[in-house]
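Results of the structural survey
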Amino acid sequence: MLYRNFGKTGEKVSILGFGCMRLPLLSGGDSTKIDKEKAIKIIRYAIDRGVNYVDTAYTYHGNSSTKGGAGEPLVAEALKNGYREKVNLATKLPSWLITKRSDMDKYLNEQLERLQTDHIDFYLIHSLNRENWKKVKENGVDEFLDSAIKDGRIRYAGFSFHDKLDLFKEIVDYYNWSFCQMQYNYSDENFQAGTRGLKYAAQKGLGITIMEPLRGGKLVNSLPKEAMDTFDRSNFKRTPAEWGLRWVWNHPEVKVVLSGMNSMEQVKENIKTADKARANSLTEKELKLIDKVKDVFNAKIKVNCTGCEYCMPCPSGVNIPGCFSAYNNYSIFGKDDDTYNSISSENRASKCKECGRCESLCPQGIPIRRELKNVRDLFEKVPAL
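Below you will find a few notes about this structure. Along each chain, the written sequence defines residue order, and numbers are assigned to residues from 1. Only residues with pLDDT of 70 or above have their local features reported here, since the model is predicted, and side-chain atom pairs are shown and tallied only from 80 upward, although totals for entire chains, interfaces and linings are computed over all residues. For side-chain calculations, the full set of non-hydrogen atoms in the structure is used, while hydrogens and water are omitted.

**Description of the environment of Ile 368**
In this fold, Ile 368 is placed in helix α15 (residues 368-379). A sequence separation of 44 residues divides Ile 368 from Phe 324, and the C-alpha atoms of the two residues are 9.2 Å apart. Every residue pair with non-hydrogen atoms within 4.5 Å of one another is taken to be in contact. Filtering out sequence-adjacent residues up to four positions away, Ile 368 remains in contact with Cys 311, Ile 320, Phe 324, Cys 358, Glu 359 and Cys 362. Secondary structure elements follow DSSP: runs of H or I no shorter than four residues count as helices, runs of E no shorter than two count as strands, and numbering proceeds from the N terminus.

Structure follows, in structure tokens:
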């Protein structure tokens, strides 16, 4: 495992971090029903092989955006028997739930109990966009972080981000952050904070953690045939996952790349890749190859959905990520893809009542109501309710 200095913290962190948002599930697909045996096994396997950064959040593996999910308690189980001492533990304050200053202490203290620990190494203000940033700022987030660091409940303060570059810079400059977390991959160089945000945060001395390096698996499982053919024709024999991760790690500003691994096969492959992914190690020829694949992929994508499920549950029952996945798959793979048929009639796009709740929660800023109409018109050809 390779390690990098985590910005101004001086900590040495593994370049591969274990993201606990997409852990293996029991049969049935209920996101709250984690396969504990498999999840603990793969987390500990990764730690035993050098991964020392484990990331979770208050709502991970939950069925509500307002209640604690099953993710943090599972991580607590995985870090028993001496594993807690081997890792830097990261979790996040649910920014959208903050209505007053005392809420911040309430959630942090609850998370310490859920994680069965007396401190969080890397504590993030979760999913900052313009609305959430205003909310936590008005309720004294800077004073909260100062006090939590002083009393030892957290070691380092950071934030995760889902909005535009100007807001990203504003947040970076507002507080003495130690680190930040942002979305970055070869198809999203100019999306949200993007490359310019990456470099800006690095210049300020922040440790930088990357989420969605493979766009929720889309850069592995949803590459169009033209993109796969481009990779296959090259002299460099790598899997799509290796290409995607190596591209992110090639940036020296990046310190940790989070991967939402849910199988032992994925863990082993990513660890193998991480063992040789040094900064600035890709050749010009390799980078041009990735650029060709990126152009093909981006031209096919209809909706920039990563499947994070922040929009869920839908009050009308629409399976929003499922609808968009089917829409993108149809665009990429053509009429032979029948993903939409696997979605129950009660969960299809035509059930959308356009309440707009989903759009207020979407970290990608997708105009979900408009896109669901497109999905409905393509697959159902019936009027909305």
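**Points about the packing of helix α4 (residues 130-138) against helix α6 (residues 165-174)**
Between N-to-C directions, angles span 0 to 180 degrees; the directions come from axes that are lines fitted to C-alpha atoms, helices contributing only their stretch in contact. At their nearest, the axes of α4 and α6 sit 11 Å apart, and the two run at 20° to each other. Relative to α6, the element α4 is oriented roughly parallel. Here α4 runs over α6; the crossing is left-handed. When α4 is examined against α6, the residues Arg 130, Trp 133 and Lys 137 are found in contact with a partner set consisting of Asp 166, Leu 167, Glu 170, Ile 171 and Tyr 174. Should an angle fall under 35 degrees it is called roughly parallel, over 145 degrees roughly antiparallel, and 65 to 115 degrees roughly perpendicular, with every other angle called oblique. Take the far helix as the reference: if the near one is turned anticlockwise from it by less than a right angle, the crossing is left-handed, and if turned clockwise, right-handed.

**Notes on the pairing of strand β5 (residues 88-93)**
Walk down a regular strand and you will see the side chains alternate between the two sheet faces. Exposure is judged per residue with a 1.4 Å probe applied to protein chains only, and the accessible area is read against the type maximum: over 50% gives exposed, under 20% gives buried, and values in between give partly exposed. For β5, the tally of buried residues reaches six of six residues, placing the bulk of the element in the interior. Where strand β4 (residues 53-55) meets β5, three bridges bridge the pair, whose relative direction is parallel. The residue of β5 that forms the bridge with Asp 55 is Ala 90. For two strands to be treated as a pair, DSSP must find no fewer than two bridges joining them. Relative to strand β6 (residues 120-128), β5 runs parallel, the two being bridged by four bridges. Pairing of Ala 90 across the sheet is with Phe 122, part of β6. Whether a crossover is right-handed depends on one test, that the path from the first strand over the helix to the second runs clockwise when the strands point away from the viewer. Between the parallel pair β5 and β6, the chain is carried across by helix α3 (residues 101-114), and the sense of this crossover is right-handed.

**What about the pattern of salt bridges?**
We define a salt bridge as a side-chain nitrogen of Lys or Arg found within 4 Å of a carboxyl oxygen belonging to Asp or Glu. Enumeration over the complete set of coordinates arrives at 30 salt bridges. Lys 137 serves as the salt-bridge partner of Glu 170, at 3.4 Å between the closest nitrogen and oxygen. Taken together, the residues Glu 170 in helix α6 and Lys 137 in helix α4 connect sequence positions 33 residues apart. For Glu 170, a relative accessible area of 35% puts it in the partly exposed group.

**Points about the nonpolar core**
By nonpolar core we mean a set of buried residues, namely Ala, Val, Leu, Ile, Met, Phe, Trp, Tyr and Cys, connected to one another through side-chain atoms within 4.5 Å. Ranked by size, the top nonpolar core spans 88 residues in total, and within it Phe 18, Ile 125, Leu 145, Phe 159, Phe 168, Trp 177 and Ile 210 carry the most contacts. For Ile 125, the residues in contact, after removing those within four places along its chain, are Leu 93, Ser 95, Val 136, Val 141, Leu 145, Gly 158, Phe 159, Ser 160 and Trp 177.

**Some words on the side chain of Arg 44**
Of note, Arg 44 is situated in helix α1 (residues 36-48). At 2.9 Å, the side chain of Arg 44 and the backbone oxygen of Ala 78 are in polar contact. Between N or O atoms, a polar contact is any pair within 3.5 Å; within protein, one atom must be a potential hydrogen donor and the other a potential acceptor, and residues adjacent in sequence are included only when both atoms are from side chains.

**Some remarks on the sheet that holds strand β8 (residues 179-183)**
Around the barrel, eight strands lie side by side as β3-β4-β5-β6-β7-β8-β9-β10; this closed barrel has parallel pairing. If you compare each strand with its neighbour and ignore which way they point, the axes differ by 25° on average.

**Here we look at the pairing of strand β9 (residues 207-211)**
Summarising burial for β9: five of the five residues are buried, a large majority. Covered by surrounding structure in β9 are Gly 207, Thr 209 and Met 211 together with Ile 208 and Ile 210, the residues of both alternating faces. Where β8 and β9 come together, five bridges link them in parallel fashion. Considered in β9, the bridge of Cys 180 is made with Ile 208.

**Side note on the side chain of Arg 215**
Topologically, Arg 215 is positioned in the loop between β9 and α8 (218-221). Arg 215 sits in the buried class, given a relative accessible area of 3%. A polar atom in the side chain of Arg 215 sits 3.5 Å from the side chain of Asp 188. Ignoring anything within four residues of it in the chain, the contact list for Arg 215 reads Asn 185, Ser 187, Asp 188, Phe 297, Asn 304, Cys 305 and Thr 306.

**Looking at the environment of Asn 298**
Along the chain, Asn 298 turns up in helix α12 (residues 284-300). For Asn 298 and Pro 224, which are 74 residues apart along the polypeptide, the C-alpha to C-alpha distance reads 9.9 Å.

**A look at the packing of aromatic side chains**
Aromatic pairs are defined between Phe, Tyr and Trp rings, using the six-membered ring for Trp, whenever the two ring centres lie within 6.5 Å; interplanar angles under 30 degrees are classed as stacked, those over 60 as edge-to-face, and all others as tilted. For the structure shown, the criterion picks out 18 aromatic pairs. Both rings, one in Tyr 58 and one in Tyr 107, keep their centres 5.2 Å apart while their planes meet at 75°; by these two values the pair is edge-to-face. Here Tyr 58 is found in the loop between β4 and α2 (71-78), whereas its partner Tyr 107 is found in helix α3, with 49 residues between them in sequence. When its relative accessible area of 5% is taken as the criterion, Tyr 58 is described as buried. Its relative accessible area of 8% is what places Tyr 107 among the buried residues. Summarising the aromatic geometry, the rings of Phe 161 and Phe 168 are spaced 5.1 Å apart at their centres and angled 70° between planes, so their arrangement reads as edge-to-face. Here a set of aromatic residues connected by ring pairs shows up, and it is made of Phe 6, Tyr 53, Phe 122, Tyr 156 and Phe 179. We call a charge positioned over a ring when the NZ of a Lys or the CZ of an Arg lies within 6 Å of the ring centre and within 35 degrees of the ring normal. Over the ring of Tyr 83 we find Lys 86, and its NZ or CZ is 4.5 Å from the ring centre. Positioned above the aromatic ring of Trp 243 is the side chain of Arg 238, whose terminal nitrogen or guanidinium carbon lies 4.6 Å from the ring centre.

**Digging into α2**
For an α-helix the count is 3.6 residues per turn, leaving residues at separations of three or four pointing the same way. Summarising burial for α2: six of the eight residues are buried, a large majority. Inspection of α2 places Gly 71, Glu 72, Leu 74, Val 75, Ala 76 and Ala 78 among the buried residues, and these make up the whole buried set.

**Observations regarding α4**
Among the residues making up α4, those that are buried are Asn 132, Trp 133 and Val 136. The arc enclosing the buried residues of α4, seen along the axis, measures out at 100°, which places them on a common side. What points out from α4, more than 90 degrees from its buried face, is the exposed set Lys 134 and Glu 138. Those residues of α4 that are buried are in contact with α3, β6, α5 (141-150) and α6. At the N-terminal boundary of α4, the capping side chain belongs to Asn 129, with an oxygen 3.2 Å from the backbone nitrogen of Glu 131. The directions considered for the arc are those from the helix axis to the C-beta atoms.

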